[in-house]
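Residues per chain are reported as follows:
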Amino acid sequence: MTEAQIGLIGLGTMGAALALNIADNGFDIAVWNRTAAKTDDFVADAGPLATRITATRTLEELVSSLAQPRAIILMVPAGDIVDKQIAALRPLLAPDDLIIDAGNALFHDTNRRAAAGDGPFLGIGVSGGEEGARFGPSIMGGGDRAHWDRVAPILEAIAASYGGQPCATWLGDAGAGHFVKAVHNGIEYADMQMIAEVYGVMRDGFGMAAAEIGDVFENWNQGPLESYLIGISGKVAAATDTATGRPMLDMIVDAAGQKGTGRWTAIEAQHLATPIPAIEAAVVARNLSSRRDERALGEKLFGAAPQPISRDEITLDQLEQALIAGKILCYAQGFEMIRGAQEAFGWALPLPEIAKVWRAGCIIRSAMLNDMARALADPSAQNLMFADGFADQLRGTHAALRHVVAVGSLHGIAMPALSSGLAYFDAMRTARGTANMIQGQRDYFGRHGFERMDGGSDKHGPWVG
Ligand code: 6PG
């Protein structure tokens, strides 16, 4: 029997798709799932690819079916299950056998697992949903470079590619890959929320039908906003519910789910003191969305917030421009968070390479990312919003963002992510802010002291006796 080149544990949606992708790229793979029936179904559905798949019944069988040194991908739910799986697997392995966690792990857990010293370990962030996993995801690698190099030929072969370059990149030690995946998801949350907000202007302000809104997104997807998320938003808005014949979107409950990666990003950004207000606003918006009963009560008490907006008050062009500005600002925040983590965690996270690995395969892939990669490669690159091309785009679009947020708020349409993006933009172009008042207050009540504008040595105000 041929020994498989790689193993995979966990045949859920993502695991099964990844295993088929690996087999499809010519690699022999051995798989194991806790429930054997799932393994049987998986092999039965694999068609001609089944010849490259070894279905195993026990962990021991999985291990013995692999070529040495072994490499085994875990595709199990993040958290304790990963630890339990490692604990069950490690005793069966040789010292140089490699375990690869490809789930959405919290990067602190990946740091801990990598530091455990019980054997080679990689944590890889895999983005692209089921279709990506099956036909080419974006892969953000973390762990020892030498361990990555061992499996890079497989990971690069199964990844999406952009201009012939695979979107699978080693980004740093230990949890670096999972950290970058978390920031990816934070940007994903903000991008999705901003799209939902302009959808709100069109639905509640303009009174547009879902299909018309779908056309707008489809149209925008031909321009600067071209991206996976705008593309699928167009398709979601255009779809009809087969059960009722009504627009599918109108039949979906307005409470967003979340598995927690956006929340992790927001929490970590606070620890790092890196401002990502648009991403935080998007996490808050998901939490608010789930409070359906309270929102209904609020509407009864205060009247429904959204009021009609005429098409002269906000044009579709202005909406598009607002979204362009918002998108640049939310990606800029995400990249700045990654820059902040470099120093805090001692990772040399390569910003241009990260932009490149996101150009294809992942959920936030977008036409803008190639330009972002170029801008971030400039050795003097600072915040993306200051990079030449993006500064030009912001100069051309920030007035529309302000207009949309202002008119929207006058008409009761909540735009937390877009307005946070705008506040970030304004704060980041205000040389003299208002924190002097905060410092005065802190000194008044707590003698905390302040720096003086004239460089003088007196650190307290006259209120400190
Ligand atoms: C991806 C996605 C994916 C994520 C889902 C659900 O990059 O493919 O980020 O990893 O798990 O999008 O995330 P939420 O449940 O948190 O929305």
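As the structure is a computational prediction, the values presented were derived from the model and not from experiment.

Novice: Quick question: what am I supposed to make of the packing of aromatic side chains here?
Specialist: The way to describe two aromatic rings as a pair is by their centre distance and the angle between their planes. Considering all chains together, one arrives at nine aromatic pairs under this definition. Between Phe107 and Trp347 the ring centres are 6.0 Å apart and the planes differ by 65 degrees, which places this aromatic pair in the edge-to-face class. With Phe107 in helix H5 (residues 107–115) and Trp347 in the loop between helix H14 (316–345) and helix H15 (351–357), this residue pair connects regions lying 240 residues apart in the sequence. Relative accessible area serves as the criterion here: at 3%, Phe107 is assigned to the buried category. Note on Trp347: relative accessible area 8%, which makes it buried. Pairing Phe179 with Phe345 gives two aromatic rings, centres 5.9 Å apart and planes at 75 degrees, and the pair type is edge-to-face. Taken together, the residues Phe179 in helix H8 (residues 176–205) and Phe345 in helix H14 connect sequence positions 166 residues apart.

Novice: Sorry if this is basic, but what is going on with the environment of Thr110 here?
Specialist: Summarising the element assignment, Thr110 is placed in helix H5. Looking at Thr110, the relative accessible area reads 1%, which means it is buried. For the pair Thr110 and Ile124, spaced 14 residues apart in sequence, the C-alpha to C-alpha distance is 9.3 Å. Filtering out sequence-adjacent residues up to four positions away, Thr110 remains in contact with Ala105, Phe121, Gly123, Ala174, Gly175 and His178. A distance of 2.7 Å separates polar atoms of two side chains, one belonging to Thr110 and the other to His178.

Novice: What exactly am I supposed to notice about the domain arrangement of the protein here?
Specialist: The figure often quoted for interface size is the accessible area lost as the parts come together. Domain boundaries in the protein define domain 1 (6–174), domain 2 (182–428) and domain 3 (435–465). Here the C-alpha centroids of domain 1 and domain 2 sit 31 Å apart. On the side of domain 2, 21 residues touch domain 1, which itself brings 23 residues to the contact. Both sides together, the interface formed by domain 1 and domain 2 hides about 1700 Å², and carbon and sulfur atoms give 65% of it. Among the residues domain 1 hides against domain 2, the three largest losses belong to Phe107, Tyr162 and Leu171. Together they make up 32% of the total. Viewed at the interface, domain 2 and domain 1 are joined by zero salt bridges. The interface formed by domain 1 and domain 2 contains seven residue pairs in polar contact (both at pLDDT 80 or more).

Novice: When you look at the pairing of strand S7 (residues 138–143) in this model, what are you seeing that I'm missing?
Specialist: It is a general feature of regular strands that their side chains alternate between the two faces of the sheet. Within S7, six of the six residues are buried, which leaves it mostly tucked inside the rest of the structure. Burial of the side chains of S7 extends over both faces: Ser138, Met140 and Gly142 are buried on one face and Ile139, Gly141 and Gly143 on the other. Relative to S7, strand S6 (residues 121–127) runs antiparallel, the two being bridged by six bridges. Paired with Ser127 across the strands is Ser138, a residue of S7. Of the pairings in the sheet, the one linking S7 to strand S10 (residues 168–172) comprises four bridges and is parallel in character. Following the sheet pairing, Gly141 is matched in S10 by Trp170.

Rules used in this analysis
For every chain, the first residue of the written sequence is number 1, and numbering continues from 1 along that sequence. This being a predicted model, a pLDDT of at least 70 is required before a residue's local features are given, and a value of 80 or more before pairs of side-chain atoms are given or counted; all residues contribute to the totals for chains, interfaces and linings. Side-chain descriptors were evaluated using all non-hydrogen atoms of the structure, hydrogens and water having been removed beforehand. Only centres within 6.5 Å qualify two rings of Phe, Tyr or Trp (six-membered ring in Trp) as a pair; their planes then separate them into stacked at under 30 degrees, edge-to-face at over 60, and tilted for everything else. Going along the chain from the N terminus, every DSSP run of H or I of four or more residues is numbered as a helix, and every run of E of two or more is numbered as a strand. Note on exposure labels: buried denotes an accessible area under 20% of the residue type's maximum, exposed denotes more than 50%, and partly exposed covers the range between, all computed with a 1.4 Å probe on protein chains only. In this analysis, two residues are considered to be in contact whenever any of their non-hydrogen atoms come within 4.5 Å of each other. The definition of a polar contact used here is a pair of N or O atoms within 3.5 Å, where within protein one atom must be able to donate a hydrogen and the other to accept one, and adjacent residues in sequence count solely through side-chain atom pairs. Domain limits in this description derive from either an automatic procedure or a database domain assignment. Note: buried area is the sum, over both parts, of the accessible area (probe 1.4 Å) each one loses when the two are combined. Only one rule defines a salt bridge in this text: a Lys or Arg side-chain nitrogen within 4 Å of an Asp or Glu carboxyl oxygen. The rule for pairing is simple: two strands pair if DSSP sees at least two bridges between them.

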